[in-house]
Amino acid sequence: MAEIAVLGHGVVGSGVLEVLYSHRDSITKRAKEEIDVKYILDLRDFPELPYHEKFTKDFNKILQDESIKIVVEVLGGLEPAFSYVKACLEHGKSVVTSNKELVAAKGAELLALAQKNNLNFLFEASVGGGIPIIRPISQCLAANEVSEIAGILNGTTNFILTKMIRERMDFSEALKMAQQLGYAERNPAADVEGDDACRKICILASLSYGTHVYPKDVHTEGISKITLEDVSYAEAWGGVIKLIGQVKTLENGKIQIEVCPMFVSRESQLATVDDVFNGILVRGDATGDVVFYGKGAGKLPTASAVVADIIDCVKHFKARKYLFWEDAREDYVEPYENTFEDVFVRAKAVNSDFALETASRVFGEITRLIRKEEPEGEIGFTVANIQVSKLQKSLESLESAGVSVLNHIKISDF
Ligand code: HSE
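Bear in mind the structure is a predicted one, so any value in this text is a computation, not a measurement.

Parameters and conventions
Residues numbered from 1 in each chain as written. Predicted model: local features only at pLDDT ≥ 70, side-chain atom pairs only at ≥ 80, totals over all residues. Heavy atoms only, no water. 1 Å grid on protein atoms, 1.4 Å probe; cavity = no way out; pocket = protein on both sides within 12 Å on 5 of 7 lines; lining within 4 Å. Points joined across faces, edges and corners; volume = space filled by probe spheres on them. Helix = DSSP H or I, 4+ residues; strand = E, 2+ residues; numbered from the N terminus. Nonpolar A, V, L, I, M, F, W, Y, C, P; charged D, E, K, R; others polar. Domains from an automatic or database assignment. Salt bridge = Lys/Arg side-chain N within 4 Å of Asp/Glu carboxyl O. Buried < 20%, exposed > 50% of the residue type's maximum accessible area, 1.4 Å probe, protein only. Contact = heavy atoms within 4.5 Å. Pairing = 2+ DSSP bridges. Near = heavy atom within 4 Å. Polar contact = N/O pair within 3.5 Å; in protein donor to acceptor, adjacent residues only side chain to side chain. Areas by Shrake-Rupley, 256 points an atom, 1.4 Å probe, with all protein chains shown as cover. Core = buried A, V, L, I, M, F, W, Y, C linked by side-chain atoms within 4.5 Å.

## Topic: the layout of surface pockets
At step 1: The volume enclosed by the second largest pocket comes to roughly 300 Å³.
At step 2: The set of elements that each furnish at least two residues to the lining of the second largest pocket consists of α6 (134–140), β7 (146–152) and α10 (195–209).
At step 3: When residues in the lining of the second largest pocket are grouped by element, the largest group, 3 residues, is from α10.
At step 4: For the lining of the second largest pocket, the per-class residue count stands at 9 nonpolar, 5 polar and 1 charged.

Okay, structure coming up:
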């Protein structure tokens, strides 16, 4: 019998209990041992639950219990999760977590600690919820050099953009709907500002390249500035707007990593990933493109990934599952300003001819896009392969010449 403890009985924690109890027989067969939950840590009481006697408010009771070899951390947030997980790894307990804040901020440190103590630290559920992605990247695709990963990694923002594209709902209306449906957190800033997607692409980058990439080193833009006008221009260009987390290797040995809204071509496999679904494209040198698709959040999809890690842990009590990356290397991430991109610009002046002439003078070659019901004075155009520092200067020059820049959006290359 493998006895485990679950830290947190929120959405994911209660889902883990539900999956463990409803699939008890098949899980026992797969783990080759029965798994039982001995403790559930939560500050709240749940007297109505059949397993209410397992609840405790005392983390030390779990830490000091030598029969507990696996601890499942589903509290979310950095503290107290980090202190608890670190203490567990220091006390000979393997840890399974769904906590992306924790892995993105402390992955290198916790993986090193797990390795030192010959324990497992597994986090399949931290990226893509129910979509298998950590294990495929670290095991199934391990023979490849991964040159690029691009993903729709946040279900809330993908739901909002889908409503804007399909139903012409504006951003705030779509956000309200996402909140009413329970997709967005009550405070959805981490979703709409791109921070949630940033944590996830940092975890995937760290795993793929073996070097920790911290969210603070990544250029992050959210979707709150995207308007229905931008959506129409993307359509005129031949695609849709998606919030993308992307990382790729550069010839100079560094990586380029960012999170921002992008124009994505209708031909791209990520263009049809809609609603709350996530999609992750991994470009390997041997496999070519491999795409993962599914529910990136929610109680049972996320719980299923957590339970799969628990089963793996039970099966590997004596042998570590090999997941590891080193701490960050200095200058590993190419500064955003140095990177090159194709970009869409939406601008406005007293009249469209003046706006276009000024844009051509400032940028050199531009390609005009025309949207339905484009008012006089507004223009949309694309610029190919421009360095971000030059783009920023050119946008300033447009403004000084009397052309207001309304928005600019990167154009994807996948
Ligand atoms: N709020 C997140 C999302 C939850 O919408 O994808 C999963 O990380």
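## Quick word on the domain arrangement of the protein chain
At step 1: Once the domains are mapped, the protein chain shows domain 1 (2–129 + 299–315), domain 2 (139–295) and domain 3 (339–411).
At step 2: For domain 1 and domain 3, the distance between their C-alpha centres works out to 51 Å.

## Topic: empty space enclosed by the protein
At step 1: In this structure the tally under the stated criterion is 2 cavities of 30 Å³ or more.
At step 2: Counted as a void, the largest cavity has a volume near 50 Å³.
At step 3: In terms of lining, the largest cavity is formed by Leu20, Tyr21, Arg24, Ile27, Thr28, Ile35, Asp36 and Val37.
At step 4: Sorting the residues of the lining of the largest cavity by element identifies α1 (11–22), α2 (24–31) and β2 (35–41) as the ones contributing at least two each.
At step 5: Space inside the second largest cavity adds up to approximately 40 Å³.
At step 6: Taken together, Glu221, Cys260, Tyr336, Glu341, His408, Ile409 and Lys410 make up the full set of residues lining the second largest cavity.
At step 7: The dominant element in the lining of the second largest cavity, judged by the number of residues it contributes, is strand β16 (residues 404–411), at 3 residues.
At step 8: Classifying every residue of the lining of the second largest cavity by side-chain character gives 3 nonpolar, 1 polar and 3 charged.

## Quick look at the pattern of salt bridges
At step 1: In total, this model carries 27 salt bridges according to the counting rule given.
At step 2: With its nearest N and O atoms 3.3 Å apart, the salt bridge here joins Asp217 to Lys216.
At step 3: In this structure, a network of salt bridges that share partners links the residues Glu124, Arg135, Asp309 and Asp312.

## A look at the side chain of Thr156
At step 1: Turning to its location among the elements, Thr156 is positioned in helix α7 (residues 155–167).
At step 2: On the basis of relative accessible area, Thr156 is assigned to the buried category, the value being 6%.
At step 3: Filtering out sequence-adjacent residues up to four positions away, Thr156 remains in contact with Ala178, Tyr183, Ala184 and Asp191.

## Some points on unusual backbone geometry
At step 1: Residue Pro80 is reached from Glu79 by a cis peptide bond, and omega for that bond is 10°.
At step 2: Inspection of the secondary structure assignment puts Pro80 in the loop between β4 (68–73) and α4 (81–90).

## Considering the sheet that holds strand β1 (residues 2–7)
At step 1: The strand order across the open sheet formed by 6 strands is β3-β2-β1-β4-β5-β6, and the pairing between neighbours is parallel. Strand pairing shows two members of the sheet lacking a second neighbour, β3 (55–56) and β6 (121–122), which therefore form its edges.

## Quick word on the environment of Gln246
At step 1: Tracing the chain through its elements places Gln246 in strand β9 (residues 239–249).
At step 2: Here the alpha-carbon distance between Gln246 and Thr157, two residues 89 residues apart in the chain, equals 16 Å.
At step 3: The residues contacting Gln246, other than those within four sequence positions of it, are Glu148, Ile149, Ala150, Ile201, Gln256, Ile257, Glu258, Met262, Lys410, Asp413 and Phe414.

## A look at the site of the ligand
At step 1: In the neighbourhood of the ligand, 10 residues make up the surrounding shell, with Lys100, Gly155, Thr156, Asp191 and Lys200 lying closest.
At step 2: The side chain of Lys100 places a nitrogen or oxygen atom 2.4 Å from an oxygen atom of the ligand.
At step 3: Note that an oxygen atom of the ligand is positioned 2.6 Å from one of the side-chain N or O atoms of Thr156.
At step 4: Across the complex, the protein chains shield 89% of the 260 Å² of accessible surface that the ligand would expose by itself.
At step 5: Residue classes in the shell around the ligand are distributed as 1 nonpolar, 4 polar and 5 charged.

## Focus: the pairing of strand β15 (residues 378–387)
At step 1: The buried count for β15 comes to 7 of 10 residues, which makes it a mostly enclosed element.
At step 2: The sheet contact formed by strand β13 (residues 340–348) and β15 spans 8 bridges and is antiparallel. The partner of Lys348 across the bridge, within β15, is Glu378.
At step 3: Two strands pair when backbone bridges link them, and strand β14 (residues 367–369) and β15 are joined in this way by 3 bridges, in the antiparallel orientation. Bridging across to β15, Leu369 finds its partner in Gly380.

## Here's the deal with the side chain of Asp65
At step 1: Position of Asp65 among the secondary structure elements: in the loop between α3 (59–64) and β4.
At step 2: The class of Asp65 is buried, set by a relative accessible area of 12%.
At step 3: Separated by 2.5 Å, the side chains of Asp65 and Tyr39 make a polar contact.
At step 4: Within the local environment of Asp65, its side chain forms a polar contact with the side chain of Ser67, the two groups lying 2.6 Å apart.
At step 5: Other than its neighbours up to four places away in sequence, Asp65 contacts Lys38, Tyr39 and Lys93.

## A closer look at helix α11 (residues 228–237)
At step 1: By the burial criterion, the buried members of α11 are Asp230, Val231, Ser232, Tyr233 and Ala234.
At step 2: Looking one or two residues beyond α11, the residue adopting positive phi is Gly238, at roughly 115°.

## Details of the nonpolar core
A general trend in soluble globular proteins is that nonpolar side chains are found buried together.
At step 1: The biggest cluster of nonpolar side chains holds 124 residues, and the ones touching the most others in it are Ile35, Phe121 and Ile257.
At step 2: Ranked by the residues each element gives to this core, the list is headed by α10, at 9 residues.
At step 3: Excluding anything up to four places from it in sequence, Phe121 contacts Val85, Val95, Thr97, Leu102, Val103, Leu110, Leu111, Ala114 and Leu323.
At step 4: Judged by nonpolar contacts, the second largest core, of 17 residues, contains Leu356, Val383, Leu391 and Leu398.

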